[in-house]
Structure formats: structure tokens, C-alpha cells
Amino acid sequence: MRRKSLEGRGGFRRPFEVVDYGALMAAHAPPPEYFEGDYLLGPDEIETRQLERLKQRAARAYRVPFFRRRWDAAGVAPSDIRCLEDLSRFPAYRVDDIRKSIEANPPLGDYQGASIDGALEDPVRIFMSGATTGAPRPTLYSQWDREAGAILMARALYLQGVRPGDVVLNAWAYSTHNGAFAFDEALHKWLNCVVITTGTGNVTSSRRQVELAHQYQATAILTTGDYLLHLADVAREMGLDPKKDFNLRALPNIGDRAKLEETWGVPNYQSYGFHEVQWVSVECPERQGLHIFEDAFVVQIVDSETGEPVADGEQGSICITEIYKTGSPQFRYDIQDLSFLYPREQCACGSWLRRMGAFAGRGDNMVKLRGVNVWPEALAEIALDDPRLETDYFVRAMREGNRDEMIVYVVTRAGEEARPAIAREAEERLKERFGVRIQVAIASPGELDHWTELHTSPKPKRFRDERNERRGA
């Protein structure tokens, strides 16, 4: 499907020669065609195609040592997949398994399905995770993977309001991380958008980013929700009204939906994706869950501790199997992001695609605090329920004396005289909800940046577990 004959030029093939773009678009339709066709398929058609692609993906993944070793130990093989339910027979894996693979086979591990040595014949790109949960994880992408992944991202951006030919600021960090480049590829190649590659505030000052968005009438600014709110503050300092003086039509930003919409006057639709697979799902205007791109994924929700599948509607860890890539597989990757699945039913928008809940935190960030299971994201949601507080926060878990403690750092612009009451009231809300005392500390805007890396990291850091550091001291 992808290969063409290798000809001359010193024995290498250029990226555009290794992908059959007609076959690519037939397998994964780009927008807007996707929303006029595959998006509206019925359940039987969706699942029949999923099963066919799942079988093909399993056969290819079995060639990769990491998966062959684990599947052989579990007594399963690609031929055991006869229906979608058979996927649960295959062992899931987590980030720790990838880290062990890298340690045993540095620097790439043995989980890659593409090769640097083979790049002359089959071009590859390498990107690394943002390392918000440990050491960076390298992933090799084939050219097919990059193009198909860009189509998935273009679909999500289109549903969120970006249109062909738009001017878009890309304020993500251009680095070893996949994010900025993946957005760039989707916008330029599949939506003909004009991308202004500003990078983060460390590369292009916030004031200059505001000037560019205003001068070029950008329809979207791609960055974290928190940084987009910061840009709104900068715009006001420059005498500009975020609602009236800009041309934003889309907010493809993850953050405080209500505050983003209030600030910019544009709808915000939630989405989900991660480093290895690009974009998995996106919310439609009905806002009844995130539609999963089921021509490219099978999404399961499993118990965060046992790994067993849970019922529809029950929160658990997202377990992803991609069925679109030709390079490094993600086959039952229990990524430990928390969500839930809706039953398969037709959305008011007309789509039968399975829907999932929005990202609800990290399963591996759970702290058992004096017998109570606590997630940092849940602490923040309750602690920040005060109009005097900003959306920025950071949570530390530590060992004090003979017991575990947690501190939630929140941000306010209120004066010093009001801060003790703000902290006390937040602590009371947390005590009422969780039944244990959790300390709240007040910070001023910008004070948490050295922890959160808000303006420098592709994904802000919100939690640090210091308990083992203290024990080892």
C-alpha cells in the first residue's frame, strides 16, 4: 500500500515517494470530507472495519520484540483475534514497561516498529514524550504514521472551528516533543492553513505573540489554555479587547473552558490525544462526550489498579490500541489517563462513533492519604472553586513525620489581607469532600512557574511526589 520501487539517487526514497496518498485518504479521510462520510457510518460498518484493521495491526505488532515477548508469555497470538472483545485477552502495558525496555535496550528500547537504520528506504521521524511522568520516551514514526496522524489532528482542529486557509499561531514548543510539529503538519498539509511558528513565550515574547495574532487576524492560537489566558492579560495591557479586537474563531486549547470562553468569546471544545498517537477524540458542538476516531483507534477503559475492563460509564484508565500506524505500535497501551466510555448510541450530531469522557486526571498520580484515594486534579477542582482564584495550581505530596501530607498551591491576585481567609476556606472545602486535612498555600501569579513550567513545557506539570525523596534522605 505504501511502497514504491526504489530508484537511483544513491538508493534512497524521499518521504513523498513512500506514501500512496490516494490509499491514505481512502483509509483515513481528511476534513471536511470525513464529516460528510465516515463520521456518519453506522455501528456495524464502524466495528467491521475496526476488526479488520485490528487483525492487521496485531500481525504487524507481533514482529516487534517487545510485543512478541509479552504475548508469547501470555499465550496469545494475532490469530486469536476473531472479534473486538478478544482484544482484552492481550496483555496491556504501561509507561514503566517502556522504561524497562529502554533501560535494557538503550536508547530506543525494543518496542519500536520502525528503524533509524532503515530510514533511507522508509523515512522516519523521532520525537520524545514531554516527560511529565518520568524520563522521556522516544517514538519512531514512519512517514505513513506522520501523514495519517496529521489527518486525525486536522479533523479535530476542523471540528473545533479551524477552517482551510486560516492563519494560525502555533505557540507550542518546537523541541524534541511531538506536539508543535504535529499541529504544524496537520494545519499546513491538510487544511492549507498559514502557520505562524511563534513557539513558546521564551522564544517569541508574549507581547509579540499578541501583536502577530492581531496583525495577521489569526483564527486560533495553539497553546495551553493557561498561556492563552495569559496572552489575554497581555492584550489588555496593550489596550486590546480579547473579544472585540481579535479574529479568533476556534479555541483548540485544553484548560478552564468557562474562563476561556468568557475571555475570548469563542466556544471551546474538549479533545484528547497524546505523544505516541496524535489525536484520539474530539467533542462536537453537542458537547455530549468526545467522539473517538474509530477508523484509527480501539479505546478501552480499564481499572487503574487491576487492568480489568470496566463497565460503560465507569471511570478508569484509558487503554489505547491504535489501528492506523505502520511504525511503532501502541497495542493495549494503558496510559493511566482517567476517563470513561459512553454506550454506543447515536449523537444528536448524527454520528455513531463511540464517545469518551474528557480527561479526568492521572491514575498513577493517585495518593493514598491516610486511607483515602486522592488525585491531584480532583483536589485542584475543589480548591479552585472560588472566583478570587486563578486556574493555575500545583500539588506536592510529601512525608512529614510518620505520615503522608499534601499541599495544594493556588494562585490569587487578591491582597495579603484576604489570603488567609481564601486558604482557610479552600482547606474547609477539601476537608468536607475528602474527610482529611489538606493544606492550601497561596501564591501570586507567576510564582508557580518554576514548578509547572507553564510557559516552557508542552504540557504543564501539576504534581510532584516527594515522599520517596524524603525517605531516601
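What counts as what
Residues numbered from 1 in each chain as written. Predicted model: local features only at pLDDT ≥ 70, side-chain atom pairs only at ≥ 80, totals over all residues. Heavy atoms only, no water. Helix = DSSP H or I, 4+ residues; strand = E, 2+ residues; numbered from the N terminus. Contact = heavy atoms within 4.5 Å. Pairing = 2+ DSSP bridges. Axes fitted to C-alpha atoms, helices over the stretch in contact; angles between N-to-C directions. 1 Å grid on protein atoms, 1.4 Å probe; cavity = no way out; pocket = protein on both sides within 12 Å on 5 of 7 lines; lining within 4 Å. Points joined across faces, edges and corners; volume = space filled by probe spheres on them. Salt bridge = Lys/Arg side-chain N within 4 Å of Asp/Glu carboxyl O. Buried < 20%, exposed > 50% of the residue type's maximum accessible area, 1.4 Å probe, protein only. Disulfide = S-S within 2.5 Å. Core = buried A, V, L, I, M, F, W, Y, C linked by side-chain atoms within 4.5 Å. Right-handed = clockwise from strand over helix to strand, strands pointing away.

Asks: Please clarify how the environment of L212 should be interpreted in this entry.
Replies: Position of L212 among the secondary structure elements: in helix α8 (residues 206–215). Residues L212 and E425 lie 213 residues apart in sequence; the distance between their C-alpha atoms is 41 Å. Every residue in contact with L212, bar those within four places of it in the chain, is listed here: L169, I196, T198, T204 and Q217.

Asks: Help me understand the sheet that holds strand β9 (residues 297–302), please; the structure alone is not making it clear to me.
Replies: Either a parallel or an antiparallel arrangement is found when strands of a sheet pair, and the pairing is made through backbone hydrogen bonds. With respect to topology, 3 strands assemble into an open sheet ordered β9-β10-β11, the strand pairing being antiparallel. In this open sheet, the two edge strands, each paired with only one partner strand, are β9 and β11 (333–339). Geometrically, the sheet is characterised by an average inter-axis angle of 35 degrees between neighbouring strands, direction not taken into account.

Asks: Would you mind showing me how to read empty space enclosed by the protein here?
Replies: Taken as a whole and assessed by the stated rule, the structure comprises 3 cavities of 30 Å³ or more. The calculated volume of the second largest cavity comes to roughly 50 Å³. Forming the boundary of the second largest cavity are Y93, I98, Y111, R137, P138, T139, E276, P329, Q330 and Y333.

Asks: Is there a simple way to explain the pattern of salt bridges in this structure?
Replies: Pairing between side chains becomes possible if they bear opposite charge and their charged atoms approach one another. Scanning all chains against the criterion turns up 34 salt bridges. Of the charged contacts in the structure, one is a salt bridge between R344 and E47, with a shortest N-O distance of 2.9 Å. One end of the pair, R344, is in the loop between β11 and β12 (355–356); the other, E47, is in helix α3 (residues 43–61), and 297 residues separate them in sequence. Taking relative accessible area as the criterion, E47 reaches 33% and is therefore assigned partly exposed.

Asks: Would you mind showing me how to read the state of the cysteines here?
Replies: Covalent bonding between the sulfur atoms of two cysteines is what defines a disulfide. What the rule picks out here adds up to 0 disulfides. Take C284: it sits in no disulfide, and the sulfur closest to it among the cysteines is that of C347, at 3.8 Å. What makes C284 buried here is its relative accessible area of 1%. Looking at C347, it has no disulfide partner, and the nearest cysteine sulfur is the one in C349, 3.6 Å off.

Asks: Teacher, can you tell me more about the sheet that holds strand β7 (residues 278–283) here?
Replies: The antiparallel open sheet is built from 4 strands, whose spatial order is β6-β7-β8-β12. Both edges of this open sheet fall to β6 (271–274) and β12, since each of them pairs with a single strand only. In the sheet, strand β8 (residues 290–292) pairs with β12 via 2 bridges, with the strands oriented antiparallel. Among the inter-strand pairings, L290 is bridged to a residue of β12, identified as M356.

Asks: How do you make sense of the nonpolar core when you look at a structure like this?
Replies: Grouped burial of nonpolar side chains is what soluble globular proteins tend to show. Of all hydrophobic cores here, the largest spans 81 residues; its most connected members are W71, L157, V162, L187, V280, F297 and F331. Element by element, the count of residues in this core is highest for helix α6 (residues 143–159), at 11 residues. Residues V395, V408, A423 and V436 belong to the second largest nonpolar core, which totals 25 residues.

Asks: Can you walk me through the pairing of strand β16 (residues 403–412) in this structure?
Replies: The two faces of a sheet get side chains in turn, since along a regular strand they alternate between them. Here β16 lies mainly inside the structure; 9 of its 10 residues are buried. Of the strand pairs in this sheet, strand β15 (residues 389–400) and β16 are connected by 9 bridges, and their pairing is antiparallel. Among the inter-strand pairings, Y393 is bridged to a residue of β16, identified as V410. Looking at chain direction, β16 and strand β17 (residues 439–443) are connected through 5 bridges and run parallel. From the neighbouring strand, I407 faces β17, where its bridge partner is Q439. Once you follow β16 into helix α12 (residues 419–434) and on to β17, the crossover reads as right-handed.

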